[in-house]
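Chain and residue survey
The residues making up each chain are set out below.
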Amino acid sequence: MPTLPQTRIADLLTPYLGDSPIPENLYDSLSTYLDLLLKWNARTNLTAIREPEEIVRRHLGESLFAGLHLAPLLEPNATLLDFGSGAGFPGLPIQLLLPQLRVTLAESQGKKASFLREAVRTLNLKTEVWAKRVEDLPTAAKFNAVTLRAVDNMPSALAAAIPRIAPAGWLAALTGDSPSPELAASTKLAIPGSAQTFLALQQYL
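Residues numbered from 1 in each chain as written. Predicted model: local features only at pLDDT ≥ 70, side-chain atom pairs only at ≥ 80, totals over all residues. Heavy atoms only, no water.

Evaluation of the coordinates by the stated rule reveals three aromatic pairs. A centroid spacing of 5.6 Å and a plane angle of 35° characterise the contact between tyrosine 33 and phenylalanine 89, whose relative ring orientation is tilted. Remark: phenylalanine 89 occurs in the loop between β1 (79–83) and α4 (91–97) and tyrosine 33 occurs in helix α2 (residues 26–41); sequence separation between them is 56 residues. With 6.5 Å between their ring centres and 20° between their planes, tyrosine 33 and phenylalanine 115 make a pair best called stacked. Of this pair, tyrosine 33 sits in helix α2 while phenylalanine 115 sits in helix α5 (residues 110–122), and the two are 82 residues apart along the sequence. (Phe/Tyr/Trp six-rings, centres within 6.5 Å; stacked < 30°, edge-to-face > 60°. Helix = DSSP H or I, 4+ residues; strand = E, 2+ residues; numbered from the N terminus.)

And the structure:
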């Protein structure tokens, strides 16, 4: 039996999605993802948040909020790199919201990368998992969007992420209320229900 009914997941995500059109199987996929995350988190530290409804709000909601605002900026089959994906946030929810995107989840920690592979397999996604450092990607690898969330060292991560953005591509960073100077020129959108987190969007021409 699912941890949370899909109707409850939908209610929790309403502040983040509003009445925007979504794939018809989104809540079913998010329910499967949530259950898999909780199962793995019991033995592997994927997230410090343990309460299912808080995971839906903080992890799924914030990720979908980012995807919703990236959607009008990208072509349907654009490429997206999720830098330091961890348990898949925000890259996996964005993939579920925008299934035509070509998403790569970059996560160098072995156990987390293993979880990401299992999540991709379970959800039957085309998402790729890069189980090494972003710096080890082929030099020519560029993406139409790069996402960042909850990285340990934002300035260092930005220094590695920005060269991976294709011309006219976008950086989407979910960050705290004291952003790095590199994000000073970005458009900042308040995350619903959070006074400490916002979405910074910046285009690189």
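Where α2 contacts helix α3 (residues 52–70), the axes come no closer than 11 Å and their chain directions differ by 125°. Taken together, α2 and α3 sit at an angle that is classed as oblique. The chirality of how α2 crosses α3 is right-handed. Between α2, through Leu30, Tyr33, Leu34, Leu37 and Leu38, and α3, the contact on the second element is made entirely by Pro52, Ile55, Val56, Leu60 and Leu64. Of the residues assigned to the contact of α2 with α3, the class counts are 10 nonpolar, no polar and no charged. (Axes fitted to C-alpha atoms, helices over the stretch in contact; angles between N-to-C directions. Parallel < 35°, antiparallel > 145°, perpendicular 65-115°, else oblique. Left-handed = near helix turned anticlockwise from the far one by under 90°. Contact = heavy atoms within 4.5 Å. Nonpolar A, V, L, I, M, F, W, Y, C, P; charged D, E, K, R; others polar.)

This part takes up the sheet that holds β1. An order of β3-β2-β1-β4-β5-β7-β6 is seen for the seven strands of this open sheet, with the pairing classed as mixed. Of all the strands in the sheet, the pair left with one neighbour each is β3 (128–130) and β6 (187–190). Averaged over neighbouring strand pairs, the angle between their axes works out to 20° when direction is ignored. Most of the contacts of α5 go to β3, to which it runs at about 175°, and overall it touches β2 (102–106) and β3. Across the sheet, helix α6 (residues 154–161) is in contact with β1, β4 (143–149) and β5 (165–176); its angle to β4 comes to roughly 170°. (Pairing = 2+ DSSP bridges.)

Turning our attention to the side chain of serine 29. By the secondary structure assignment, serine 29 is in helix α2. Take serine 29: its relative accessible area is 11%, and that puts it in the buried class. Not counting residues within four places of it along the chain, the set of residues in contact with serine 29 comprises Leu96 and Leu123. (Buried < 20%, exposed > 50% of the residue type's maximum accessible area, 1.4 Å probe, protein only.)

The biggest cluster of nonpolar side chains holds 49 residues, and the ones touching the most others in it are Leu13, Leu70 and Phe115. Within the residue set of this core, elements represented by two or more residues are α1 (6–17), α2, α3, α4, β2, α5, β5 and β7 (197–204). Of the residues forming this core, the biggest block, eight residues, is contributed by α2. The contacts of leucine 70, once residues within four sequence positions are left out, are Leu80, Ile94, Ala145, Thr147, Trp170, Ala172 and Leu201. If you look at the next biggest cluster of nonpolar residues, it comprises 22 residues, including Leu81, Phe83, Ala157 and Ala173. (Core = buried A, V, L, I, M, F, W, Y, C linked by side-chain atoms within 4.5 Å.)

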